[in-house]
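Coordinates in review
Letter by letter, the chains look like this.
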Amino acid sequence: MTTEIDFYELLECERGADDATIKSSYRKLAMKYHPDRNAGCKDHETKFKAISEAYDVLKDPQKRAAYDRFGHAAFRQGAGQGGGGGDDFGAFSDIFENIFGEFMGGGRGGGRPSARRGADLRYDMEISLEEAFHGKSSDITVDVSGLCDSCSGSGARPGTNAKTCNSCAGHGKVRAQQGFFVVERTCPSCHGAGQVIANPCPSCRGEGRVDKTKTLTVNIPPGVDEGTRVRLTGEGEAGARGAPSGDLYIFLHIARHPLFEREGTTLFARAPISFTTAALGGEIVIPGPDGEEHVIRIAPGMQSGRELRQRGAGMPVLQGRGRGDLVIRIEVETPTKLSARQRELLEEFRATETGQESPQSAGFFAKLKSAWG
């Protein structure tokens, strides 16, 4: 089982993005991961090759249409054929024939048509921010149409075989002359399969597939974000009568975290501090999703609204190297409950104020006096 990252995810684009958006995103990522700018870094070199491959497909309208329907299987050797040899163009042309209905000269060699591939399936999974940080391996249970064990997916009763359709001679299509044109359509007898089953399997009723419950292992890489898709090749719905299975797409959702908000690889957290810490300086400790405690130093005279950045303490880069940043938003909290002694000390402090302690406040009121004469 292989895990493949979606081409749109690699280019950081939505599936419906226009050509200009895809091109702009590719240029930005290519500049970031180009080997010339990251000499000796194998991770960046691998990422650069992956985004280049993704862009090569998505910039071409026909390739993109094939990818949107068949995923990575559209560009593997013999895609949609259920095995066998053949060159890449031959496999690719079969996909275009399914999408656009092109005649392709009646099929290469006039052989029996390929069986229809099973449908892709979707599974939504929620994980915590910590699990997104570290990555995880998780078992899931899915209900899916799987290969019939009784007939091994053939659809025929054990001990019997499917027979070539007499109506289309096994081609799956029939032709009719209409004036100067020849119209080709799916064979009504075999529904395009090229074969008919006289004695269907009682377990699957001739479909070659039955409903099953499967337990699958999903490997989630570190750094995934909301909406990331993980693809399990061949774990979707089984194809009819032994056709290739579709794929299973795992859509990841990140649960809301009580402390952090996330934007890409950057983590944000708000930190209320006392007004004495803001005035005198000090330290606060923030527990990160990596399990470490990050010490944030507060300089004397810290103002509310300031953002303090801890480099390399954010989320890891998906399929890359390094980490984002942790940004702490400071909020100075004014005390609401004071003891008699605390109030006395503050009154003494106010009595000694000269205006130099809070220059912004003094300047503001000076401007007000000037404005009102």
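Counting restarts for each chain, with residues numbered from 1 along the sequence as it is written. It should be noted that, the model being predicted, local features are given only for residues of pLDDT at least 70 and side-chain atom pairs only at 80 or more, the latter also being counted only at that level, while totals for whole chains, interfaces and linings use all residues. Derived side-chain values reflect all non-hydrogen atoms in the structure, with water molecules and hydrogen atoms excluded from consideration.

**Describing the overall build of the protein**
Helices and strands together make up the secondary structure of the protein, namely nine helices and 16 strands. Here the protein holds 373 residues, and 35% of them are scored as buried. For this analysis, residues touch if any pair of their heavy atoms sits within 4.5 Å. Taking all contacts inside the protein whose residues are at least 6 apart in sequence as the whole, residues at least 24 apart take part in 64%. Carbon and sulfur atoms form 49% of the exposed surface of the protein, whose accessible area is close to 22,400 Å². Note on conventions: DSSP H or I runs of at least 4 residues are helices, E runs of at least 2 residues are strands, and numbering of each starts at the N terminus. For each residue, the accessible area found with a 1.4 Å probe, counting protein chains only, is set against the maximum for its type, and the residue is called buried under 20%, exposed over 50%, and partly exposed in between. Each accessible area is a Shrake-Rupley result for a 1.4 Å probe, and residues are judged covered by the shown protein chains and nothing else.

**A short note on helix α2 (residues 19-33)**
Multiplying one less than the number of residues by 1.5 Å gives the expected span of a helix. The terminal C-alpha atoms of α2, which comprises 15 residues, lie 21 Å apart, in line with the 21 Å expected from a rise of 1.5 Å per residue. The complete set of buried residues in α2 reads I22, S25, Y26, L29, A30 and Y33. The buried residues of α2 occupy one face: seen down the axis, they fall within an arc of 130°. Across α2 from its buried face, at more than 90 degrees, point the exposed residues A20, R27, K28 and M31. On its buried face, α2 is in contact with α1 (7-10), α3 (42-58) and α4 (61-70). Working note: the arc is built from the helix axis to C-beta atom directions.

**Some points on the side chain of D325**
Looking at where D325 falls in the secondary structure, it is placed in the loop between β15 (307-310) and β16 (326-333). By relative accessible area, which is 12% here, D325 ends up buried. For the purposes of these results, a polar contact is taken to be a pair of N or O atoms within 3.5 Å, where, inside protein, one atom must be able to donate a hydrogen and its partner to accept one; residues adjacent in sequence count only when each atom of the pair is a side-chain atom. Within the structure, the side chain of D325 is placed 3.1 Å from the side chain of R309, a separation counted as a polar contact. Ignoring any residue separated from it by four or fewer positions in sequence, one finds D325 in contact with T265, T266, L267, R309, Q310, R311, G312, A313 and G314.

**Some points on the packing of α2 against α3**
Orientation is described by lines fitted to C-alpha atoms, with helices fitted over the stretch in contact, and by angles between N-to-C directions that extend from 0 to 180 degrees. Axis separation between α2 and α3 bottoms out at 9 Å; the angle between their running directions is 160°. Taken as axis vectors, α2 and α3 run roughly antiparallel relative to one another. Both α2 and α3 take part in a crossing whose hand is left-handed. Touching I22, K23, Y26, L29, A30, K32 and Y33 of α2 are H44, K47, F48, I51, S52, Y55 and L58, all from α3. Each residue gets one of three labels, nonpolar for Ala, Val, Leu, Ile, Met, Phe, Trp, Tyr, Cys and Pro, charged for Asp, Glu, Lys and Arg, and polar for the others, Gly among them. The residue makeup of the contact of α2 with α3, split by class, is nine nonpolar, two polar and three charged. Angles below 35 degrees are treated as roughly parallel, those above 145 as roughly antiparallel, those between 65 and 115 as roughly perpendicular, and all remaining angles as oblique. Note on convention: near helix rotated counterclockwise from far helix by under a right angle means a left-handed crossing. Clockwise means right-handed.

**Details of the pairing of β16**
A strand pair is defined by DSSP finding two or more bridges across the two strands. Both strand β12 (residues 266-274) and β16 contribute to a ladder of eight bridges, which runs parallel. The residue of β16 that forms the bridge with A271 is I330. Of the strand pairs in this sheet, β15 and β16 are connected by four bridges, and their pairing is antiparallel. Looking across to β16, one finds that Q310 is bridged to L326.

**Quick look at unusual backbone geometry**
The phi dihedral of E12 falls on the positive side, at around 55°, and the residue is not glycine. A positive phi angle is found at R205, which is not glycine, with a value near 60°.

**Some points on the packing of aromatic side chains**
Classification of ring pairs rests on two measures: the distance between centres of Phe, Tyr or Trp rings, Trp counted by its six-membered ring, which must be within 6.5 Å, and the angle between planes, read as stacked under 30 degrees, edge-to-face over 60 and tilted in between. Applying the stated rule across the entire model yields three aromatic pairs. Judged by centre distance (4.6 Å) and plane angle (20°), the ring pair of F7 and Y67 falls under stacked. In this pair, F7 is assigned in helix α1 and Y67 in helix α4, connecting sequence segments 60 residues apart. The exposure class of F7 is buried, given its relative accessible area of 3%. Residue Y67 is classed as buried on the basis of its relative accessible area of 2%.

**Here's the deal with the nonpolar core**
Counting residues in hydrophobic clusters, the biggest one holds 35 residues, and the most contacted among them are M125, I140, V218, I250, I284, I328 and I330. Sequence-distant contacts of V218, defined by excluding residues within four places in its chain, comprise M125, K136, S137, S138, I140, V230, L232 and I250. Take the buried residues of types Ala, Val, Leu, Ile, Met, Phe, Trp, Tyr and Cys, join any two whose side-chain atoms come within 4.5 Å, and each joined set is a nonpolar core.

**Some points on α3**
Spacing of three or four residues puts side chains on the same side of an α-helix, whose turn is 3.6 residues. For α3, with 17 residues, the first-to-last C-alpha span of 25 Å sits near the 24 Å given by 1.5 Å per residue. For α3, the full list of buried residues reads H44, K47, F48, I51, A54, Y55, V57 and L58. Tucked inside the fold, the buried residues of α3 contact α1, α2 and α4.

**A look at the pattern of salt bridges**
Here, a salt bridge means any side-chain nitrogen of Lys or Arg that lies within 4 Å of a carboxyl oxygen of Asp or Glu. Per the stated rule, a full pass over the model turns up 28 salt bridges. D6 is the partner of R15 in a salt bridge, and the nearest nitrogen-oxygen pair spans 3.1 Å. A relative accessible area of 3% means that D6 is categorised as buried. Of the charged contacts, one joins R297 and E283 as a salt bridge, the two residues approaching to 2.2 Å between their closest N and O atoms. Of the two residues, R297 is situated in strand β14 (residues 293-298) and E283 in strand β13 (residues 282-287); the sequence distance between them amounts to 14 residues. Beyond isolated ion pairs, a larger network of salt bridges with shared partners links D6, E9, R15, D68 and R229.

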